[in-house]
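Descriptive analysis of the structure
What follows is the residue order along each chain.
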Amino acid sequence: MNFRQIEAFQAVMACNTVTRAAEVLRVSQPAVSRLLDQLERSTKLKLFERNRGRIRATPEGRSFYEEVQKAFTGLERLRFAAENIRSFSAGTLRVASLPVLGHAFMPSVIGRFNARHPAVTVLLHIRSSEAVKALVASGQFDVGFAADEIDRAGVVSEVFTTPDAVCILPKGHRLENLPVIGPADLHDERFVSLALEDAARARIDRVFEEAGVRRRIIVETQYSLTICNLVRSRVGVGIVNPFSLQGLDLEGIDVKPFKPRIQFKTLLITPPHAPKSKLLESFLSEATGDLLSVVGERTLSLRDTISGAET
C-alpha cells in the first residue's frame, strides 16, 4: 500500500466515478483502476462493487474511507502548520522571566508583539532567575530573562539590559528636595534591602561600605516590586531596579537618581544548540524596542537630573 493508491481511492470516493477521479488526478482512467486493484490486493479488502462499468463502495470500502479521511485531515493540518512555520503567522512562543521584568515590561512587549502576530500564543512564566535558567536549559522554554547571578552553564547567554539603580523614598521624606541621593544621605536611615542571594545586593552593599555609611536594614526581600510597596508603606527607603517602577502607581513614592551608579544586569538566555526562530527574533525585536522607549527615557531624565545637580 502506498500514498498514490490511497490518493486514487480518496478521489474515487469523493467523485463517485473513476472517470471524474482520473480528471482530478490528471491521470488516465485505466491508471486509476490499476491503483484501486493494487490497493484491494494490498489491504485484502473488497473496496468496490463493479457492475457494467459503474463502481460502488462496499461497506468495507466506506469504513476504510473514514480512516483515509482522518489521515488526509492530518496531512492537511501538517501542510497548514508548515505554511504557518514559514510565515510564522501562528504558533506558540514560550517565555520565562524574572519578576522585575515579568510583571509590567513583558506584558508591554507581548502587547506589541501580539498586535503584529495575533495568531501566536505566548506562554509567559514568571519565576526566580534560577528557575528561569532551568526551564530554558531543559528546552521547555524558547527564551528566558534572568539576573546575572545565575550559573550560565547549559544555556547561551547575553546581556539584555543594565539599567541604573534608583533610590525611592516615601512621599514627604526629609530627603525629598535633594535632586540626587548618595550613600552619605542615607546614613543611619531605615532601609528596605534586596535579599543576600541577589547579586545586586552585593554591589549596593559595597558602595555603602566604601563610603563608610551604615544603614539600618529593616526588611530584606527578594523582589524590587516588594521594596516599592514597603517604601510606599513608609517602612523605609530603598534602592531598586527601575523596571520595577514600570506600570506601578507611584503615588506615595519619590524616585531619585542615585550616585555613584549601581547597575542591575539582566541576561537574555536561550537553550544550547537551538538557533533563534523567526518568531523569537520578532519577539526580541519588540523587546528591544520597548526597552529603548521605556527605560531609555527614564535613564536620560535621571542622568539630566544628575548633570544639573553637579553644575
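Every chain begins its residue count from 1, and numbering advances along the sequence as written. Predicted model: local features are reported for residues with pLDDT of at least 70 only, side-chain atom pairs are reported and counted for 80 or more only, and whole-chain, interface and lining totals are derived from all residues. Derived side-chain values reflect all non-hydrogen atoms in the structure, with water molecules and hydrogen atoms excluded from consideration.

1. Quick word on the side chain of R201
As a reminder, the rule being used: Secondary structure elements are defined from DSSP: runs of H or I of at least 4 residues count as helices, runs of E of at least 2 residues count as strands, and each element is numbered from the N terminus. Polar contact is the term for a pair of N or O atoms within 3.5 Å; when the atoms are in protein, one must be able to donate a hydrogen and the other to accept it, and sequence-neighboring residues count only if both atoms are side-chain atoms. Contacts are assigned to residue pairs that have any heavy atoms within 4.5 Å of one another.
Positionally, R201 belongs in helix α8 (residues 199-211). Here D205 takes part through its side chain, which lies 2.7 Å from a polar atom of the side chain of R201. The residues contacting R201, other than those within four sequence positions of it, are S193, L194, A195, L196, I217 and E220.

2. With respect to unusual backbone geometry
A cis amide bond links K259 to the next residue, P260, at an omega of 10 degrees. Summarising the element assignment, P260 is placed in the loop between β11 (253-257) and β12 (266-270). In this structure, N16 takes a positive phi of about 75 degrees despite not being glycine. Looking at where N16 falls in the secondary structure, it is placed in the loop between α1 (3-15) and α2 (18-25). With a phi angle near 60 degrees, R26 is a residue other than glycine that sits in the positive phi range. The topology assignment puts R26 in the loop between α2 and α3 (29-43).

3. Observations concerning the sheet that holds strand β7 (residues 166-170)
The test is simple: Whether two strands pair depends on DSSP finding at least two bridges between them. Fitting a line to C-alpha atoms yields each axis, with helices limited to the stretch in contact; the angle taken between N-to-C directions then spans 0 to 180 degrees.
Taken in spatial order, the five strands make up an open sheet running β9-β8-β10-β7-β11, and their pairing is mixed. Strands with a single pairing partner mark the edges of an open sheet, and in this sheet they are β9 (216-221) and β11. Recorded for the sheet is a direction-independent mean angle of 30 degrees between the axes of neighbouring strands. Looking at chain direction, β7 and β11 are connected through five bridges and run antiparallel. Looking at the pairing, V166 lines up with P257 of β11. Helix-sheet contacts for helix α9 (residues 224-232) involve β7, β8 (190-194), β9, β10 (237-240) and β11, and the interaxial angle to β10 is about 155 degrees.

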